Amino acid sequence: LMQLFRPLDMLGWVYRTIRQGLVDMADMFKLLDRAVEVEDAPGAPALVLREPTVVFDNVTFGYDKERPILKGLSFEAKAGAHIALVGPSGAGKSTVGRLLFRFYDPWEGRILIDGTDIAEVTQESLRAAIGIVPQDTVLFNDTLRYNIAYGREGASDEEIAQAARDAAIAPFIDKLALGYDTQVGERGLKLSGGEKQRVAIARTLLKGPRILLLDEATSALDSRTEQDILETLRRVSAGRTTIAIAHRLSTIADADLIHVMDDGRVVEQGDHAGLLRLGGLYAEMWNRQLSEAAELQDAAE
Ligand code: ATP
């Protein structure tokens, strides 16, 4: 009889693996809007990670030959540091994330993690080292337990509960009649944007990556929820190399180092106070966002 079940087991494994892969891709903040052509080099080794430093070294890249998007982009995220990429819409911030996951290879320049060119290691090991908290989390039509555990196959109930506590979603789950067995997604309980994001954080915590890519929380969150989520993110990103892609500046003002991108290059860098003093693009964006916030406030009153 066991002979009969073995192929079924195998099928189950294939199904889970594909499903996991699909959501990973979807989660990568819709990074994958094109066919992927990158392949592992023959006999490529796995990435060995001692110090998770991330370096973009003079990277030039575009989606179409005629139009480079990144034009000699260089920046470094030191192991354990929190850096932010900011800049006007279309500057190429999300493209940086896609290249870090090696959905595309640069035309020129290199991307190094712990001194190793990411083009020389397996994509699987590269992606295992990096966790994403995306703007829009994709939830399965399945239980909360499944949705969190999917960060790591085989996680125990206690590990799942711990991740939920660390992501500050446990109090919400504990109040539900079915707890972790509650069905979510289209046919189940609808979660708010903030709750979904906490599920994503719990998932990422279970995966335990040493490098974190944060795609800024959407404006869909009210400012109280946003502050709470930021606080949680601050806690869970401690000790991990963190790259935050930010569209609004208020969310990254406390980063160790802010890289301001414009037209595919870093044009300014520093901390928040230093960049304000510089009186350049960052200061201009900051002042504009402040006055927009004030206008919204006026309109609300
Ligand atoms: P935003 O703050 O608006 O999200 P961004 O700085 O993250 O912008 P990117 O998403 O990196 O910018 O996009 C940079 C440029 O690359 C844009 O002009 C965009 O149109 C282009 N682009 C992005 N993805 C693709 C793609 N798959 N194919 C072709 N062009 C693309």
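Everything below is about the structure printed above this text.
Small disclaimer: the values here were computed from a predicted structure and weren't measured.

**Student:** Help me out: how do you make sense of the sheet that holds strand 1 (residues 54–61) in this one?
**Tutor:** Sheet strands line up and pair through hydrogen bonds in the backbone, either parallel or antiparallel. Taken in spatial order, the four strands line up as 2-1-4-5 in an open sheet, and their pairing is antiparallel. A single partner strand is all that each edge strand has here, and the edge strands are strand 2 (70–77) and strand 5 (116–117). When strand 1 meets strand 2, the two strands line up antiparallel, connected through six bridges. What sits directly across from valine 55, in strand 2, is glutamate 76. Contacts from helix 2 (residues 93–100) reach strand 1, strand 2 and strand 4 (108–113), with the element oriented near 110° to strand 1.

**Student:** So what exactly am I meant to see when it comes to the site of the ligand here?
**Tutor:** Every one of the 13 residues lining the ligand counts as a neighbour, but Tyr63, Ser89, Lys93, Ser94 and Thr95 are closest to it. Among the residues forming the shell around the ligand, the class breakdown is three nonpolar, seven polar and three charged.

**Student:** What is the right way to read the packing of helix 7 (residues 193–207) against helix 8 (residues 223–236) from this model?
**Tutor:** Geometrically, a packed helix pair is captured by the angle between its two axes and the distance between the axes. Where helix 7 contacts helix 8, the axes come no closer than 11 Å and their chain directions differ by 5°. Judged by the angle between their axes, helix 7 and helix 8 are roughly parallel. Together, Gly194, Gln197, Ile201 and Leu205 of helix 7 and Thr225, Ile229, Thr232, Leu233 and Val236 of helix 8 make up the contact between the two elements. Of the residues belonging to the contact of helix 7 with helix 8, the class tally is five nonpolar, four polar and no charged.

**Student:** Help me understand the packing of helix 5 (residues 157–166) against helix 7, please; the structure alone is not making it clear to me.
**Tutor:** Where helix 5 meets helix 7, the closest approach of the two axes is 8 Å, and the angle between their N-to-C directions is 125°. Looking at the two axes, helix 5 sits oblique to helix 7. Between helix 5 and helix 7 lies a crossing of right-handed hand. In this structure, helix 5 uses Glu159, Ala163, Ala164 and Asp166 to contact helix 7, whose residues at the interface are Ala202, Leu205 and Leu206. The residue inventory of the contact of helix 5 with helix 7, partitioned by class, reads five nonpolar, no polar and two charged.

Definitions and limits used
Going along each chain's sequence as written, the residues are numbered from 1 onward. Since the coordinates come from a predicted model, pLDDT governs what is reported: local features require at least 70, and pairs of side-chain atoms require 80 or more to be given and counted, while whole-chain, interface and lining totals use all residues. Should DSSP find at least two bridges between two strands, the strands are taken to pair. Secondary structure elements are taken from DSSP: a helix is a run of H or I of four residues or more, a strand is a run of E of two residues or more, and numbering for both begins at the N terminus. Whether two residues are in contact is decided by their C-beta atoms, placed from the backbone, lying within 7 Å. Between the N-to-C directions of two axes lies an angle of 0 to 180 degrees, each axis being a line fitted to C-alpha atoms and, for a helix, fitted only over the stretch in contact. Whether a residue is near a molecule or strand depends on its C-beta atom, placed from the backbone, lying within 6 Å of it. Polar here means any residue outside two lists: the nonpolar Ala, Val, Leu, Ile, Met, Phe, Trp, Tyr, Cys and Pro, and the charged Asp, Glu, Lys and Arg; Gly therefore counts as polar. In this scheme, roughly parallel covers angles under 35 degrees and roughly antiparallel covers those over 145, while 65 to 115 is roughly perpendicular and the rest are oblique. The hand of a helix crossing depends on one turn: near helix anticlockwise from the far one by less than a right angle means left-handed, and clockwise means right-handed.

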